[in-house]
Amino acid sequence: MERKEHVSTKIAERHYKPEDYKKKDPLSSGLATTHEQVSDVYTEGKANPVIEDVNGKDIPINKGE
């Protein structure tokens, strides 16, 4: 019996690619956004919890204070 590969397995195996910035599907967009955020934190050397909006406005993340 042949085992079917699940969609979730294909998604889990997907990695960021530079062309993800140009694609409009949710997976590519999410990977591009996450890559940008990780890159920024790594470059800046600190982790300020903000969501960097595509339109340039930073959205602070409340730490539950």
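First, a word on scope: everything that follows refers to the structure included in this document. The model shown is predicted, which means the values in this text are computed figures rather than measured ones. (Residues numbered from 1 in each chain as written. Predicted model: local features only at pLDDT ≥ 70, side-chain atom pairs only at ≥ 80, totals over all residues. Heavy atoms only, no water.)

## Details of the packing of aromatic side chains
The way to describe two aromatic rings as a pair is by their centre distance and the angle between their planes. Applicable threshold: Pairing of aromatic rings covers Phe, Tyr and Trp, the last counted by its six-membered ring, and requires centre-to-centre distances within 6.5 Å; plane angles under 30 degrees mean stacked, over 60 mean edge-to-face, and any other angle means tilted. Each residue is assigned to one of three classes by its accessible area relative to the maximum for its type, calculated with a 1.4 Å probe on protein chains only: buried under 20%, partly exposed between the two thresholds, exposed over 50%.
Using the criterion set out here, one finds one aromatic pair in the structure. Look at Tyr-16 and Tyr-21: their rings are 6.0 Å apart centre to centre, the planes differ by 80°, and that puts the pair in the edge-to-face class. For Tyr-21, a relative accessible area of 40% gives the class partly exposed.

## Side note on the pattern of salt bridges
Rule in force here: One side-chain nitrogen of Lys or Arg within 4 Å of one carboxyl oxygen of Asp or Glu is enough to make a salt bridge.
Counted under the stated rule, the structure contains one salt bridge. In this structure, Arg-14 and Asp-20 form a salt bridge, with 2.6 Å as the shortest nitrogen-oxygen distance. Note on Asp-20: relative accessible area 0%, which makes it buried.

## With respect to the side chain of Arg-14
The condition is simple: Secondary structure is summarised from DSSP: a helix means a run of H or I of at least four residues, a strand means a run of E of at least two, and numbering begins at the N terminus for each. Any N or O atom pair separated by 3.5 Å or less is treated as a polar contact, with the protein-specific requirement of one donor-capable and one acceptor-capable atom, and with residues adjacent in sequence counted only for side-chain atom pairs. Residue contacts follow a heavy-atom distance rule, with two residues in contact if any of their heavy atoms lie within 4.5 Å.
You can see Arg-14 is positioned in the loop between helix H1 (7–12) and helix H2 (26–44). Within polar-contact distance, the side chain of Arg-14 engages the side chain of Asp-20 at 2.6 Å. In this structure the side chain of Arg-14 is engaged in a polar contact, spanning 3.1 Å, whose partner is the side chain of Ser-28. In contact with Arg-14, other than residues within four places in its own chain, are Asp-20, Lys-23, Leu-27, Ser-28 and Leu-31.

## Describing the environment of Ala-32
Considering the arrangement of structural elements, one finds Ala-32 in helix H2. Given a relative accessible area of 5%, Ala-32 falls into the buried group. A C-alpha to C-alpha distance of 8.6 Å links Ala-32 and Glu-19, two positions 13 residues apart in sequence. When near neighbours in sequence (up to four residues on either side) are disregarded, Ala-32 contacts Tyr-16, Asp-20 and Tyr-21.

## Details of H2
Selection criterion: Multiply 1.5 Å by the residue count of a helix minus one, and that product is the helix's expected span. In this context, the arc is that of the directions from the helix axis out to the C-beta atoms.
Taking 1.5 Å as the rise per residue, H2 with 19 residues should run 27 Å; its terminal C-alpha atoms sit 27 Å apart, in good agreement. For H2, the set of buried residues is Ser-28, Ala-32 and Asp-40. Down the axis of H2, the buried set is contained in an arc of 105°. They therefore lie on one face. Of the exposed residues in H2, those oriented more than 90 degrees away from the buried face are Pro-26, Val-38 and Tyr-42. Lining the buried residues of H2 we find strand E1 (50–52). Looking one or two places after H2, you find Gly-45, whose phi comes out positive at around 75°.

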